[in-house]
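# Geometric and topological summary
These are the residues of each chain, in order.
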Amino acid sequence: MATAPSAKQFKALGEEVWKSKVEKINAELFTLTYGSLVVQLVKDYEDYTEVNKQLEQMGYNIGQRLIEDFLARSGIGRCVEFRDTAEAVSKIGFKMFLNIAPNVANWSSDMKEFSLIFDENPLTEFVELPEDALEGGLWYSNIYCGVLRGALEMVQMQVETTFVSDVLRGDDATEIRVKLTRYLEEEVPAGED
Amino acid sequence: MSNEINCIALIGKQNNPLYLKNFSNTHPDLKYHYIAHTSIDVIEERVASGPKNLDLYLGLLYAMEDLAVYGYMTNTRVKFVAVVSVTEGIIRDAEMKTIFKKIHSAYLSQICNPFYNLDSQQSIDSKAFSRAIEAIGANTNTKTTMDI
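The rules we used
Residues numbered from 1 in each chain as written. Chains lettered and ligands numbered in written order. Predicted model: local features only at pLDDT ≥ 70, side-chain atom pairs only at ≥ 80, totals over all residues. Heavy atoms only, no water. UniProt positions renumbered as here; feature names shortened; annotations may be inferred. Helix = DSSP H or I, 4+ residues; strand = E, 2+ residues; numbered from the N terminus. Expected span 1.5 Å × (residues − 1). Bend = angle between axes of the 7 residues up to and from the residue. Buried < 20%, exposed > 50% of the residue type's maximum accessible area, 1.4 Å probe, protein only. Contact = heavy atoms within 4.5 Å. Buried area = accessible area lost by both parts, 1.4 Å probe. Salt bridge = Lys/Arg side-chain N within 4 Å of Asp/Glu carboxyl O. Nonpolar A, V, L, I, M, F, W, Y, C, P; charged D, E, K, R; others polar.

Naming follows an unreviewed UniProt entry, where chain B appears as Trafficking protein particle complex subunit 2-like protein of Circinella minor. Taken from UniProt, the Sequence similarities (unreviewed entry) comment for chain B reads in full: "Belongs to the TRAPP small subunits family. Sedlin subfamily."

Looking at an unreviewed UniProt entry, one finds chain A named Trafficking protein particle complex subunit BET3, with Circinella minor as its source organism. Word for word, the UniProt comment on chain A under Sequence similarities (unreviewed entry) is "Belongs to the TRAPP small subunits family. BET3 subfamily."

Structure representation (structure tokens):
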């Protein structure tokens with residue numbers, strides 16, 4: 001059995017995959033595409049809670065597919081502990097797809113919950129939320145929560161992901177809380193029967 | 001002495017007012033609205049008469065009393081107007097061009113906001129944009145006063 005990689009090894013692997021094995025697109029194109037997606041959802045649903053749900057659901061679908069790409073390109077093996085999962089997600093996952101490295105922090109005492117703290121967020125370049133979006137409780141980058149949930153479910157982890165704070169809403173930092181509900185044992189993921 | 005920016009105005013492609021910032025206390029906002037509005041005619045004349053005009057910077061549009069009005073129009077027909085108080089000294093084109101480039105960058109950042117509706121013809125109501133325009137004005141004003 002290979003020993004679990006150290007934090008430095010995760011980081012190095014992430015950088016290596018980003019540099020050599022990943023095709024890149026223009027950042028502005030990406031940001032503008034996501035922006036018009038959110039604005040269209042807002043126009044269609046007119047209810048910010050519903051928009052949050054839709055973003056999360058879209059993220060979920062993306063995450064289920066993205067995990068395969070992630071595993072293939074990074075070549076990483078099974079994570080021994082949830083802590084390794086957290087490091088792999090932040091140092092390799094986010095690095096590979098967005099070239100950002102959120103910090104893992106605020107572990108709960110049972111080591112089943114952690115926070116991802118984002119210094120930068122490529123989705124929100126140039127974005128300023130209007131008043132009613134702020135009041136309505138829109139989490140602009142809620143797609144991240146879905147992606148994490150979908151991806152981890154495909155590797156037998158059921159998690160709950162929620163936004164805690166967002167710089168776009170005037171908070172000090174952008175933070176997502178990830179909570180491990182349980183490990184899935186050879187079950188069909190919920191909602192796919 | 002010092003040449004100060006008194007006002008920066010942005011006018012939309014349908015000649016609707018997009019934004020106006022008054023930096024001076026000598027004249028009320030309304031006067032600058034009037035100045036910006038008259039500038040539209042001058043800009044349209046300039047552009048119509050010279051179809052070979054490839055430069056976004058239009059130079060001095062006109063002068064009145066102690067104010068000089070400079071213009072700049074993007075390819076999408078959005079117009080920027082800068083009103084400068086002329087006390088002494090020559091204002092170089094290069095300086096005005098830098099100012100307009102900064103305004104243009106601020107405008108670009110604003111329109112990239114997905115929540116900003118380009119077609120609505122409403123004026124720009126964004127804190128980040130206001131801050132950027134104020135910074136341009138403050139920067140130029142402090143800079144010129146130190147050039148004594």
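There's more to say after this.
Let us now look at helix H4 (residues 82–98) of chain A. Residues and elements named next belong to chain A. In this model H4 runs 22 Å from its N-terminal to its C-terminal C-alpha over 17 residues, within 8% of the 24 Å that 1.5 Å per residue would give. Within H4, the axis deviates most sharply at Val-89, by approximately 35°. In terms of burial, H4 is a largely internal element, 15 of the 17 residues being buried. Downstream of H4 by one or two residues, Asn-99 has phi in the positive range, about 60°.

Contacts between the two partners involve 9 residues from chain B, matched on the other side by 13 residues from chain A. Between chain B and chain A, the buried area comes to about 860 Å², and carbon and sulfur atoms account for 69% of it. Counting every contact that joins chain B to chain A gives 0 salt bridges. Here the side of chain B that touches chain A gets 3 residues from one element, more than from any other, and that element is helix H3 (residues 127–146) of chain B. Considered class by class, the residues forming the side of chain B that touches chain A number 5 nonpolar, 3 polar and 1 charged.

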